[in-house]
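# Structure at a glance
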Amino acid sequence: MRITVNVDGTTYTDDVEPRLLLVHYLRERLGKVGTVVGCDTSNCGACTVHLDGHSVKSCSVLAVQADGAEVTTIEGIARDGKLHPVQQAFHDNHALQCGYCTPGMIMQSIDLLADHPDPDETEIRHGIEGNLCRCTGYQNIVRAVRQAAEQMRPGAGPAAEQIDDRTPHTVGGE
Amino acid sequence: MTSTVPDQEIGRSRLRKEDARLITGRTRWTDNLVLNGMLHLAIVRSPVAHGTITNIDTTTAKSMPGVLAVLTGADLADEQGSLPCAWVVTPDMKAPPAPSLAVGTVNFAGEGVAVVVARTAYEAADAASTVDVDYADLPVVLDMPTAIADGADLVHPDLGTNTSAVWAFDSGEAGTGGDVEEAIASAEVLIERTYRQQRLVPAFMEPRSVVVDPTGEQFTMWSATQIPHILRLMLALTLNVPEHKVRVIAPDVGGGFGGKLQVTPEEVITFLVARRMGKPVKYTESRTESVQTAHHGRDQIQKLTLAARRDGTVTGLKVELLADMGAYLRLITPGVPILGAFMYNAIYKFPAYKFVCTNVFTNKTPTDAYRGAGRPEATFAIERLMDELATELDMDPMAVRERNWIKHEEFPFTTVCGLVYDSGNYEAATAKATELFGYDALRAEQVRRRAENDPVQLGIGISTFTEMCGIAPSRVLGALNFGSGGWEHAAIRMLPSGKVEVVTGSSAHGQGHETAWSQIVADQLGVPFEDVEVLHGDTQSAPKGMDTYGSRSLTVGAIAVVKAVDKVIAKARTVAAHLLECAESDLDFASGTFTVRGTETSTTIQDVSLAVFLSHNLPDGMEPSLDSDATYDPENFSFPHGTHLCAAEVDTETGRVRIRSYVCVDDIGKVVNPLIADGQVHGGLAQGIAQALYEEAIHDESGTLTTASFADYLLPSAVDLPSFTTDRTETPATTNPLGVKGVGEAGTIASTPAVVNAIVDAVRHLGVRDIEMPCTPMRVWKAINEGGAR
């Protein structure tokens, strides 16, 4: 089947097998290897990307389902050499160790903050419940999401403006 | 050239250098690698736990589109050798041949029987699903006590027994303590318990992946491994390939926790297929393959006898252990329980101790190292027993511990196992932890809730742990018959521009070595943190090493770095004296600058580096290079310790456990990077708590692993874990120049008994004295409602 997908701001048209998973399309056809596979059963969330602004586990989405859609991956959220505030917050708070869950965790956290711009610890923990990390015990991830929330608040300065500037569509989860 | 004098780097919470690539998706995972003409593998795996392979039909698979070859165990039998086991724990240890692809029989569900080679991974998987294998079932051996009973069915009939080895330590015989049988005979109080350490899955987030590229005689292997150097040697020995023709690269590796401390069937298979096809080949496992076949951890049954006086003084401990090897002995499978053998006496002054371990074969996935490897099991046993002793004597559990622990003024202390603990301060860590925890207030609340018959009861769990890590002095390993030394290698290269390359034999997979080693070198050499680059995980750029496991990187690997820096400074001093026309003894070295004592005349290490590069004006006979290497063999283990306290609420109506607070005060000696150290503790706690509450690898009666995906194996998510309160005391290690101790495994070792002690403490007044792990709501509810029956 022929699909046309915008990934990280570039439009691609490709012939794909109907069974091809979105994550394999991203990794193997487009070379977007920043998005990784962790579990194959949609439990770990390592493969999380945004599909039309909503987080999805790309191991559970077929490439053909992304036809006509916009996909944003971990490789498409920094702008002009500046990290996204959530990326920066993960770095600032040592919210990653091996880093394998990190792309998915960051994409999910961005989605969470779109829904809950000012989440408390419990809301953060529930918001990232579908993303597993084996290294950090989640404590510093929770801290990082809190810091990102502070920095992305309306009126929080350049960081907040930065995300508005570069997100052409509404970002948000279900 | 000028030098920016850095602030003190050691002790500073530097943000990690590693993060830049990890947070932007520019990470170098093995599965990201694409080589021209690369072929893909899919492995056909046995669904039965024990059987004879009567037929393998590969006809359909071979005719499928994109398929280049289908190979069975028989096809590789002449070249695959036997997967290595490096720890022959007793001279008469029984070890079956361990093929990478099964030949004739399969011995655990998930064992590989054939491999498909195809153009794409999808094509390989399609073809693999058509390979038709017939098995004749053999009796399945799963339960250890049954396996060692007379007349038991055998996993490996050729061995004539399911017992691989019996290893013992007796303080009376060793001369390090008394006779435990005498202590038991004369005991005023005996506590006898049996605990089960359930089987766990290391569950690193990055599934294992391997790529092999054959180029003429040379083979390059990329692998998601913790041990590139050991792997290289073992491939050479196992496959009879010249060691110098093999290069192993561990690129970014997504977690290990001991689970990637292995020489795997998949690495061997990929190597052999690549050699046969003359093409680069990749194999990446699915999560189910990973959970089924990557080695498991724990799986021990501990029969324990603690002898004590009525004042709470322990007089002896006897441990009779059954350890499940699974179907084969992998790299250090038989030694894992022995790593725990020296830790059952923990922080205590036990006068007599005996340990007997029986290593047992079963038709299950092989076990091997998992975070803590033997020491979590030991710590669980003794910390649970101390609570049981306190209950028996109606004493406060902390008071019982304090009566028995080594006082800070008694260090160095030789234990009943013969280990010399160099330093520690259990009083200080405990005082700080109990204060942070609000121990007395929580005890008061517990009393109140019991009096009110509150449906939600409160329990307090203690774990005052120590562990031995920083593996290890080579002589000790030799005495234990381990097939390797325990040293580590490092090299320092000063570049002409004054920048520094650090080569380390440690092989990071999430620990932050690039950052921590940069801090250490920045301090020791007096160069900016940013000017240091750390090279690791490639046998070409870091040619010597013993890799990363057993909390050894900082206490062994980083000390090698310090020793190499010392040599560079010594040489630089000779050059500086020559340039400044003074005696070497007149030079002071501080913050990267050599100064002629009592003058303003100076030169920097960077200036010296450039002078050496130019070599226009060097002392006669000096080689024009400013680099050095060092290999460091530790003189002792390191013994981190700490006091962990857990407050758990148990809903007596549902059995649900909620950790209300968790406080730990760890003493890991001098801390290089507090941010990284805290992160290590957090992750360790999560894994130890997960053993207490959530995780278990379960086999059904046919030997099928029923928890073979993350849908069935309960890895805790963010909602399943509390926020931790972590703090530290600092008693420097006296056995290394940095005063550091290991931290990687501490949280896992300490936390499991703290949690279970808290749960049992919450419901002990209801007749419960033990709950088997994991303490699921069903198990807790049953224990309460069956009056403490398991």
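Residues numbered from 1 in each chain as written. Chains lettered and ligands numbered in written order. Predicted model: local features only at pLDDT ≥ 70, side-chain atom pairs only at ≥ 80, totals over all residues.

## Structural notes on the overall build of chain B
Regarding its fold elements, chain B presents 22 helices and 28 strands. Taken over C-alpha atoms, the radius of gyration comes to 28 Å for chain B, in line with the 28 Å a tight globule of 790 residues would show. Across its three principal axes, chain B shows a C-alpha extent of roughly 85 × 70 × 50 Å. Per-residue burial over chain B gives 58% buried out of 790 residues. Contacts in chain B between residues at least 24 apart in sequence constitute 80% of all its contacts with a sequence separation of at least 6. (Helix = DSSP H or I, 4+ residues; strand = E, 2+ residues; numbered from the N terminus. Rg over C-alpha atoms; globule rule 2.2 N^0.38 Å. Buried ≥ 20, exposed ≤ 12 C-beta atoms within 10 Å, placed from the backbone. Contact = placed C-beta atoms within 7 Å.)

## Some points on the overall build of chain A
If you tally the helices and strands in chain A, you get six helices and five strands. Across chain A, helices and strands are ordered from the amino to the carboxyl terminus as β-β-α-β-β-β-α-α-α-α-α. Out of the 174 residues in chain A, the part that is buried amounts to 54%. Contacts in chain A between residues far apart in sequence, at least 24 positions, make up 63% of those at least 6 positions apart.

## Regarding the nonpolar core
Side chains of a nonpolar character, in soluble globular proteins, are inclined to be buried together. Residues and elements named next belong to chain B. Core analysis: the biggest nonpolar cluster contains 294 residues, and V116, V561, V755 and I759 have the highest contact counts within it. Here the element with the most residues in this core is helix 18 (residues 553-580); it accounts for 14 residues. If we ignore the near neighbours within four places in the chain, the residues touching V755 are G461, C646, A648, I659, I689, A692 and L693. (Core = buried A, V, L, I, M, F, W, Y, C linked by C-beta atoms within 7 Å.)

## Observations regarding the sheet that holds strand 21 (residues 532-535) of chain B
All names here are of chain B. With respect to topology, four strands assemble into an open sheet ordered 21-20-19-25, the strand pairing being mixed. With partners counted over all chains shown, the strands left at the sheet margins are strand 21 and strand 25 (627-632), one partner each. Ignoring which end each strand starts from, the neighbouring axes of this sheet average 15° apart. Strand direction decides the pairing type here: strand 19 (residues 488-494) and strand 25, joined by six bridges, are antiparallel. Bridge pairing in strand 25 places I492 opposite S628. Sitting on the sheet, helix 17 (residues 513-525) touches strand 20 (500-504) and strand 21, and the angle it makes with strand 21 is about 130°. (Pairing = 2+ DSSP bridges. Axes fitted to C-alpha atoms, helices over the stretch in contact; angles between N-to-C directions.)

## Here's the deal with helix 5 (residues 139-152) of chain A
Spanning 14 residues, helix 5 of chain A covers 20 Å between terminal C-alpha atoms, matching the ideal 20 Å at 1.5 Å per step. Listing the buried residues of helix 5 of chain A in full gives Q139, N140, I141, V142, A144, V145, A148, A149 and M152 of chain A. (Expected span 1.5 Å × (residues − 1).)

## Section: the domain arrangement of chain A
Residues and elements named next belong to chain A. Entries for chain A in the domain assignment read domain 1 (2-76) and domain 2 (85-166). Taken together, the contacts link 15 residues of domain 1 with 11 residues of domain 2. Elements represented by at least two residues in the side of domain 1 that touches domain 2 include exactly strand 3 (48-51) and strand 4 (54-57). It is strand 3 that contributes the most residues to the side of domain 1 that touches domain 2, three residues altogether. Broken down by class, the residue content of the side of domain 1 that touches domain 2 amounts to six nonpolar, nine polar and no charged. (Domains from an automatic or database assignment. Nonpolar A, V, L, I, M, F, W, Y, C, P; charged D, E, K, R; others polar.)

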